Each structure stands twice: as C-alpha cells, then as structure tokens.
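Below are the chains, spelled out letter by letter.
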Amino acid sequence: MNELFINGLKQRIATPKKVVILPHRNADGDALGSTLALQHFLIKMNHETVVISPNDYPSFLKWLPGEDQILKYSNTPKTVRDKIREADLIFTLDFNSLSRIEDLTEVVKNASGEKIMIDHHEAPEDYAVLQYSDPNMSSTCEMVYKLIKTLDANAIDENIANCLYTGMMTDTGSFRYPATTSETHRAVAHLIEAGANGTQIHQNIYDSASFSRLKLLGITLSNLVQIPNLPIVFMTLNQNELESCEYKKGDTEGFVNYGLSLKGIVFSCIMIENENEGKIKMSFRSQGTFSVNDFARTYFDGGGHHNAAGGMSMESMEKTVARFKKAVSEISDQF
Ligand code: 5GP
Ligand code: MN
C-alpha cells in the first residue's frame, strides 16, 4: 500500500460520501468478506454505503454480518444501476478487470463516481483513480485488514473481524497455501482478539454441506481422469449429473482441489457445464511452479493467480475436454 493510495483515499473519505462496493460475479468468501468488512468500516465513518453483488452467491456465505443487506443485480437491476450512477466512490474488491462483473461492466465503466481498486490478482486493468494491487497478498481481506489498521486500528470490531477472517481463511485454503505469511498469521491473531470466531466460521463454510452435495462430489470423483504420463488430472460435471443431485450454487466449490490430493499430481482441472449460460466453467489449480494463471489466459479466456485460476469455454463438454487435452499436450515440456 503506497502513500499515494492511502493519502488519496484519506482525502476522499474525509467527508461523508455515497459509496458503492462491488465484489466480482460468483462472489466467494474473500470477495464477500472484504466488501462487507469495508462496508462496516465506512458505515462507522458516516458514509452512505451499499454492497452490490452482480449475482447470487453460495448459501454457505449467507451468514456473514451485513450479508442480508447486499443488493443483487440479478434481483433488482434498476435500483442497482441507479445506485452505481449516483455513487461518489465505487470500490471494486477482489477483481481487477471490469469484465469480472459481467452484466455490470458497462454501467460501472460509464459511472461518474471515482473507482478505487483493492485486489490481489495479477495484471490489473487501468480503470481506477486509486489502486491498491498486490499479487503477493494472500487475499483481498488481508489487504482490507492492512488498510483499516492503517486508517483506524480501533475500528476493527467483531463484525469486521469475522468478515476478514472468512476471506483470509478461504483464499489461503485454511492458512496453508504459500501466500500465507507470518503477517497473515499476525493479522489473524488480531482478528481473533477483536472477536473473530474461527471455529464457527470454519463450520459455517466447510461443515454445512447438503446430502446431495456430497453425492455430487462422489460423481465428480468417479469422473476423474489422469492425462497419460503427465502429473495432470481433470474432472467433468455435465448438466444431467448436476441436476441428478439438485445442484445449487456453491455445491462444486473446492471439488477441483481433490485432484491435487493425489501423490505426484501438480495440475488439476474441473469442467462444469452450465446449459443456461451455454458455457463450461473451468477451474484450474496447481502446486509449485506451473502457472495456471498463464494457462487459463492462454487457452481458456480466463486468469486468476499462479496456483488458482479459472476460465470458460463456449463449446460442448466433449470439445472442451478435447481442447484441454490438446492444450496440455502443447505445454507438456513444463512438467
Ligand atoms: P475459481 O476456480 O475458484 O472460480 O477461481 C479461481 C481464481 O481464478 C479466483 O481468484 C478467480 O478470481 C479467478 N478466476 C476464475 N474464473 C475466472 C475467469 O473467468 N477470468 C479471470 N480473469 N479470472 C478468473
Ligand atoms: Mn481473493
């Protein structure tokens, strides 16, 4: 966080403003935790704030403090467009390319409010007047923690602590991915002192699955395929399989990680059909030097982080699998 950012922000939030805070589409724990934490903080500073989510998000996040006040573009498009147009400040959190908010991209692009980015993905787009971008950070929540601590450490209350802990926990795989540093743990220690309940948060997120979700995991694992002679696996889920297990948003979260639990496997992919949207959503995870961010950007119109990225395919499942196999054969010298 440089002086330019912090001073620019201080100046802009010195007097009450109309503030919109945006997570990316298909928000995860980090996106929602960071936006809600920032909102709780700005409310304390007397700003008029609203968190706007481009679409719905998993039910295992529907306990976060303040979550019930989030406006969803898919539910109330007109209200949302008006709020964005009227905003003095528009914070974009946990993403750095306006395409990540899909249907809201144009509205935000054309809005007169000043855009402020806080994000930890690589290669930020140049749309914000103030930018706090750091790909080395474990999570956007850790960045918002640093920001609030710099502005007013005493403001970190139980609500803010629970929101920030959630995103730090989910984006670090419960504090085990390499981006987890001693600083991350020091931040977490402070959040626990401020009232974060790690046991309860873990239970809310990871121990709240439905029977049908576990059945869907069973199908996914039975579809697991290894690419011959390479440390790469992929899984698929088609629409019929999803429907047979009454698929709900968030049910497939974390499935792709099972591929990496295999000894020797360093690249795992899951391809999930979405017939409604006419596309296949792809998730990529790696261990070590192989960059799934590069892979996703090169082959599947996506991106993300070095070890965790996503993308999409507009082709059928069959063609997408074939394209994935061809793509990995082209980069097989990297393994
Ligand atoms: P997931 O696989 O959990 O959806 O996403 C993993 C990471 O990749 C996240 O940090 C997410 O923000 C990023 N990501 C997922 N899908 C896309 C995509 O289509 N485009 C880009 N640029 N990033 C993505
Ligand atoms: Mn994140």
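Here the structure is shown first, and the text comes after it.
Residues numbered from 1 in each chain as written. Chains lettered and ligands numbered in written order. Predicted model: local features only at pLDDT ≥ 70, side-chain atom pairs only at ≥ 80, totals over all residues. Heavy atoms only, no water.

A. Layout of the packing of aromatic side chains. According to the stated counting rule, one finds 14 aromatic pairs in the structure shown. Ring geometry for F267 versus F295: centroids 5.1 Å apart, planes at 75 degrees, classification edge-to-face. Separated by 28 residues along the polypeptide, F267 in strand β9 (residues 267–274) and F295 in helix α11 (residues 292–299) bring together distant segments of the chain. The same class applies to F267 and to F295, which are both buried. Ring centres of F284 and F300 lie 5.9 Å apart, and the angle between their planes is 35 degrees; on these two criteria the pair is classed as tilted. Linking F284 in strand β10 (residues 279–286) with F300 in the loop between α11 and β11 (303–304), this pair joins segments that are 16 residues apart in sequence. Neither F284 nor F300 differs from the other in exposure class; each is buried. For K62, the ring lying beneath its charged end belongs to Y57, and the centroid distance is 5.5 Å. (Phe/Tyr/Trp six-rings, centres within 6.5 Å; stacked < 30°, edge-to-face > 60°. Helix = DSSP H or I, 4+ residues; strand = E, 2+ residues; numbered from the N terminus. Buried < 20%, exposed > 50% of the residue type's maximum accessible area, 1.4 Å probe, protein only. Lys NZ or Arg CZ within 6 Å of the ring centre and 35° of its normal.)

B. Here's a closer look at the site of ligand 1. Lining the immediate environment of ligand 1, one finds 14 residues, of which R100, H121, S283, R285 and G303 sit closest. In this structure, an oxygen atom belonging to ligand 1 sits 2.6 Å away from a side-chain N or O atom of S283. In this structure, an oxygen atom belonging to ligand 1 sits 3.2 Å away from a side-chain N or O atom of H305. The fraction of the free accessible surface of ligand 1 (490 Å²) that becomes covered by protein chains is 79%. By residue number, the principal contributor to the shell around ligand 1 is strand β12 (residues 308–313), which donates 5 residues. (Near = heavy atom within 4 Å. Polar contact = N/O pair within 3.5 Å; in protein donor to acceptor, adjacent residues only side chain to side chain. Areas by Shrake-Rupley, 256 points an atom, 1.4 Å probe, with all protein chains shown as cover.)

C. Summary view of the side chain of R12. With respect to the helices, strands and loops of the structure, R12 is situated in helix α1 (residues 3–12). On the accessibility criterion, R12 (17% relative accessible area) is buried. Residues within four places of R12 in sequence aside, it is in contact with K17, L89, E114, V129 and L130. (Contact = heavy atoms within 4.5 Å.)

D. Representation of the coordination of the manganese ion (ligand 2) within the structure. Within the first shell, the manganese ion (ligand 2) binds the protein through D30 (OD), D94 (OD), H120 (NE2) and D171 (OD), at distances of 2.2 to 2.4 Å. Counting gaps between the donor residues of the manganese ion (ligand 2) yields the pattern D-x63-D-x25-H-x50-D. Taken as a pair, D30 in helix α2 (residues 29–44) and H120 in the loop between β5 (114–119) and β6 (130–133) lie far apart in primary sequence, 90 residues in all. Like H120, D30 is buried. (Donors = N, O, S within 2.8 Å, 3.2 Å for Na, K, Ca; no water.)

E. Structural view of the packing of helix α5 (residues 140–152) against helix α6 (residues 158–171). Contact pair α5 / α6: the axes reach a minimum separation of 8 Å and the direction vectors enclose 145 degrees. Counting all contacts with α5, which are made through C141, E142, V144, Y145 and I148, the residues of α6 involved are I160, C163, L164, G167 and M168. In terms of residue class, the contact of α5 with α6 is built from 8 nonpolar, 1 polar and 1 charged. (Axes fitted to C-alpha atoms, helices over the stretch in contact; angles between N-to-C directions. Nonpolar A, V, L, I, M, F, W, Y, C, P; charged D, E, K, R; others polar.)

F. Geometry of the nonpolar core. Judged by nonpolar contacts, the single largest core of 51 residues is most densely connected at F91, I118 and L191. Listed in part, the 22 residues of the second largest apolar core include C269, F290, F295 and A327. (Core = buried A, V, L, I, M, F, W, Y, C linked by side-chain atoms within 4.5 Å.)

G. Region of interest: the state of the cysteines. Per the counting criterion, the structure on display carries 0 disulfides. The thiol of C269 is unpaired, and the distance to the nearest cysteine sulfur, on C245, comes to 20 Å. C269 gets classed as buried once you look at its relative accessible area, which sits at 0%. (Disulfide = S-S within 2.5 Å.)

H. Structural detail: the sheet that holds β10. Spatially, the 6 strands line up as an open sheet ordered β7-β8-β9-β10-β12-β11, and their pairing is mixed. The open sheet has two free edges, formed respectively by β7 (225–226) and β11, since each of these has just one partner strand. Judged from the 6 bridges that link them, β10 and β12 form a sheet pairing that is antiparallel. Looking across to β12, one finds that I280 is bridged to S313. Across the sheet, helix α12 (residues 317–330) lies against β8 (232–237), β9, β10 and β12, angled at about 160 degrees from β9, the strand it touches most. (Pairing = 2+ DSSP bridges.)

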